[in-house]
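Residues per chain, in single letters:
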Amino acid sequence: MAKNVQVIDGALNGTNDIFEVTEEQFLRIFPNGQDVAFLADFPDLTDDTGFWQQFYSRPVDKKAVCGIQGTLHSTGSHADPAFFPDRTEASAIRHWNPTMLKSRKNP
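Since this is a predicted model, take the numbers as computed values, not measurements. (Residues numbered from 1 in each chain as written. Predicted model: local features only at pLDDT ≥ 70, side-chain atom pairs only at ≥ 80, totals over all residues. Heavy atoms only, no water.)

J.: Hey, could you run me through the nonpolar core in this one?
T.: Within soluble globular proteins, side chains that are nonpolar tend to cluster in buried spots. Grouped together as the largest cluster of nonpolar side chains are 14 residues, with contacts concentrated most on V5, I29, F30, W52, F55 and L72. At the level of elements, β1 (3-8), β2 (18-21), α1 (23-29) and α2 (49-55) are the ones that each hand at least two residues to this core. In terms of residues, this core owes the most to one element, α2, which gives three residues. With residues up to four places along the chain from it excluded, the contact list for I29 reads Q34, A37, F42, L45, F51, W52, F55 and L72. (Core = buried A, V, L, I, M, F, W, Y, C linked by side-chain atoms within 4.5 Å. Buried < 20%, exposed > 50% of the residue type's maximum accessible area, 1.4 Å probe, protein only. Helix = DSSP H or I, 4+ residues; strand = E, 2+ residues; numbered from the N terminus. Contact = heavy atoms within 4.5 Å.)

What follows is the structure in structure tokens.
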């Protein structure tokens, strides 16, 4: 099943594009239930042009997106990995504001 990944790259245009990736590609970047990744965590992929060509080959129109399953912080992202100790959105929210997670679960 395909997954949608938003890439945060720090570019001045700030578009933060979304790409549809295969399950295999997704699990390579987001193992063990993770949904946040930092490019710096994957030095083995830095020069894997085949992987990245496939990864970036299916951009998705944001107006058509039905969910984002992962966020990849690429070179230039201003996010601090220390705020994502478990590489999940939920861990960052609990670290920053515990009540926010409760309100997201119980709207």
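Next comes the rest of the description.
J.: I would appreciate a short explanation of the packing of aromatic side chains in the present structure.
T.: In the structure shown here, the tally under the stated rule is nine aromatic pairs. An angle of 40° between the planes, with centres 6.5 Å apart, marks the rings of F19 and F55 as tilted. Within this pair, whereas F19 is found in strand β2, its partner F55 is found in helix α2, the two being separated by 36 residues in sequence. In terms of burial, F19 and F55 fall into one category: buried. Plain terms: the ring middles of W52 and F55 are 5.2 Å apart, the flat faces sit at 65° to each other, and that makes the pair edge-to-face. On the criterion of helical spacing, the pair formed by W52 and F55 is a turn pair, its members being three residues apart in helix α2. Of the two residues, W52 and F55, neither departs from the other in class, the shared state being buried. Positioned above the aromatic ring of F26 is the side chain of K3, whose terminal nitrogen or guanidinium carbon lies 5.4 Å from the ring centre. Directly above the aromatic system of F51 lies the positively charged group of R28, at a separation of 5.1 Å from the ring centroid. (Phe/Tyr/Trp six-rings, centres within 6.5 Å; stacked < 30°, edge-to-face > 60°. Lys NZ or Arg CZ within 6 Å of the ring centre and 35° of its normal.)

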